[in-house]
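Examining the three-dimensional arrangement
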Amino acid sequence: MTQEEAIVVDKELTPEEQDQLTIDKIESALQLVSKTVKTFDQRYIFKTLRDLVSVRKQLNANVLSHLINTYLDAPFKAYLLKFVGGKSAESALEKKGEILPEVNFAIHWLVQLALLDAGELKKLDDLNVNYIVKLIKSYNRRSLDLINAKIWFYIARTKELLNDLTSIRPELLLALRTATLKHDNETSGTLITLILRNYILLHDYAQASNFIEKVEWPKDVSTSIESRYFFYLAKINSIQLNYSDAHDFVTTAVRKAPQTQNAFGFLQVSYKLSVLIELLTGDIPELSFFKKPGFENCLRPYQEITKAVKLGDLKLFNETLSKYREGFIRDDNYTLVQRLRSNVIKTGIRIISLSYTKISLKDICIKLHLDNESSAEYIVSKAIRDGVIDAKINHQLGYVESNEVLNIYSTSQPQEQFNQRINFVNQLHNDSVKAMRYPPSVNRSGDALSSKDDVDETELINALQDDLDGDLF
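These figures come from a predicted structure and were not determined experimentally. (Residues numbered from 1 in each chain as written. Predicted model: local features only at pLDDT ≥ 70, side-chain atom pairs only at ≥ 80, totals over all residues. Heavy atoms only, no water.)

**Regarding the overall build of the chain**
For the chain, the count of helices and strands is 22 helices and three strands. Carbon and sulfur atoms make up 51% of the accessible area of the chain, which amounts to about 25600 Å² in all. (Helix = DSSP H or I, 4+ residues; strand = E, 2+ residues; numbered from the N terminus. Areas by Shrake-Rupley, 256 points an atom, 1.4 Å probe, with all protein chains shown as cover.)

**Here's the deal with a nonpolar patch on the surface**
Together, Phe424, Val425 and Leu428 line one region of the surface with nonpolar side chains, adding up to about 260 Å² of accessible area. Residue position: Leu428 is located in helix α21 (residues 413–435). (Patch = residues over 30% accessible without salt bridge, like charges linked within 9 Å, V, L, I, M, F, W, Y side chains within 5 Å. Salt bridge = Lys/Arg side-chain N within 4 Å of Asp/Glu carboxyl O.)

**With respect to the packing of aromatic side chains**
Describing an aromatic ring pair means giving the distance of the ring centres and the angle of the ring planes. As enumerated under the stated definition, the model contains 17 aromatic pairs in all. Arranged with centres 5.4 Å apart and planes meeting at 85°, the rings of Tyr271 and Phe289 form a pair that is edge-to-face. With Tyr271 in helix α14 (residues 264–280) and Phe289 in the loop between α14 and α15 (300–311), the pair connects residues that are 18 residues apart, well separated along the chain. We classify Tyr271 as buried; its relative accessible area is 8%. Residue Phe289 is classed as buried on the basis of its relative accessible area of 17%. Counting every residue linked through ring pairs, the aromatic cluster contains Phe264, Tyr271, Phe289, Phe290 and Phe295. Lys82 extends its terminal NZ or CZ atom over the ring of Phe83, reaching a point 5.1 Å from the ring centre. (Phe/Tyr/Trp six-rings, centres within 6.5 Å; stacked < 30°, edge-to-face > 60°. Buried < 20%, exposed > 50% of the residue type's maximum accessible area, 1.4 Å probe, protein only. Lys NZ or Arg CZ within 6 Å of the ring centre and 35° of its normal.)

**Some points on the packing of α15 against helix α18 (residues 334–355)**
Helix packing geometry: the angle between the two helix axes and the distance between the axes. Where α15 meets α18, the axes come as close as 6 Å, and the angle between the chain directions of the two elements is 35°. Taken together, the residues of α18 that come into contact with α15 (itself represented by Ile305, Ala308, Val309, Lys310 and Leu311) are Val337, Leu340, Asn343, Val344, Thr347 and Ile351. In terms of residue class, the contact of α15 with α18 is built from eight nonpolar, two polar and one charged. (Axes fitted to C-alpha atoms, helices over the stretch in contact; angles between N-to-C directions. Contact = heavy atoms within 4.5 Å. Nonpolar A, V, L, I, M, F, W, Y, C, P; charged D, E, K, R; others polar.)

**Describing the nonpolar core**
Of all hydrophobic cores here, the largest spans 128 residues; its most connected members are Ile26, Leu110, Leu127, Trp152, Phe317 and Ile364. In terms of residue count, helix α6 (residues 101–117) provides more of this core than any other element does, 11 residues in total. Residue contacts for Trp152: discarding those within four places in its chain leaves Val133, Ile136, Glu171, Leu172, Ala175, Thr187, Leu191 and Leu194. (Core = buried A, V, L, I, M, F, W, Y, C linked by side-chain atoms within 4.5 Å.)

**Structural notes on α14**
If you check α14, its first and last C-alpha atoms are 25 Å apart, about what 17 residues at 1.5 Å a residue would give, namely 24 Å. A large share of α14 lies buried, amounting to 14 of its 17 residues. A positive phi of about 100° marks Gly282, the residue just after α14. (Expected span 1.5 Å × (residues − 1).)

**Some details on the sheet that holds strand β1 (residues 358–360)**
Pairing is antiparallel across the open sheet formed by three strands, whose spatial order is β1-β3-β2. Lying at the two open borders of the sheet, with one neighbouring strand each, are β1 and β2 (391–394). Adjacent strand axes in the sheet meet at a mean angle of 20°, parallel and antiparallel pairs treated alike. Of the strand pairs in this sheet, β1 and strand β3 (residues 399–402) are connected by three bridges, and their pairing is antiparallel. Bridge assignment links Ser360 to a residue of β3, and that residue is Tyr399. (Pairing = 2+ DSSP bridges.)

See the structure below:
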């Protein structure tokens, strides 16, 4: 079942028929779990999780109760039914052998989704802390890696919504150590991003930087998790004034993010951060960047800030900062926007330097809306030292004289830009080669794979591409 084939509730169906339709969709998705156990191909789990997300809005007590009574044993029934508000009953379906732990975990994950969507955060937190965390620690199966990653995400998400970020951190660090020892790459990658997000939300950037230095990013992690990781790296480096590295990280995050509706929130915050980092590095984003379909409204404050920086208009910058202050604080970008004040002044000085061969400090003070000539002299001196302008100050007569502008093609800057693009293309080629898949032509018994039993390769690839949850941001 593809993303577009999500359940559409028919108004003519009775509630019982709608619930039965949802149950059929869930059971159909759970049938793929056994293929992961047999073939060790994690793509089947990816597809199962994606199909289960498509029925998220149709989950209710009746559906979950049926699944719990049908697939789970008494110990799990007892507490899950209590949380979903269902009743214990003998299932009309016959169990075929032992229930796989993967199915058990998938049902626990569905209960998490239902409680989260219902806004029952206290109840969900009780389920996570007292039952699900213990359940995760009791199993060690490679086929559970992807489900564990999803479950840990919603455990951390619950704590975040409850504004209880510090209590979950020890559990996340302990789980990361366990996942690393087990070479559970997907869970390790998810936990690293969750821990970094935990630090960032508490504005503990120094601790986040130390954490990054001590952990190694696992290989073969899904691109959605990897894009989050690079976004957090960009955020941390930008706060620590490493704008060049931050620009590379946020660019990589945007390129790796799935271009789907589920990733819309992630792309929003990434574009906003990208604009600020590019401005802080001294570059000006192109106008077309702010005209991306669907992003015009959210990027409008950042477009006006860009306009102020481009014109070097300190008055316009202060007005824009005051107008959109609440929005910048909500985006957690207010600190970075405040830093742009010096860039506005530098741009203004650069424009003045290009427009005038000689200009007095008093005129510079008037054009930049500075308080006094001493401030103007200090700012111009710093701009000369930083290489923003090529000029000299006559302190006795109180004027600035610009030197002749050199041809940029006589410098090494074009070569550096060309080399940067070559490195990016080479890195993209290497990543593409590593990501290539070669499906086996025969199964473990040596027989040719049956087209009847083999799931369409295109759908498995789509499952890998569309696995990003949209409620992280």
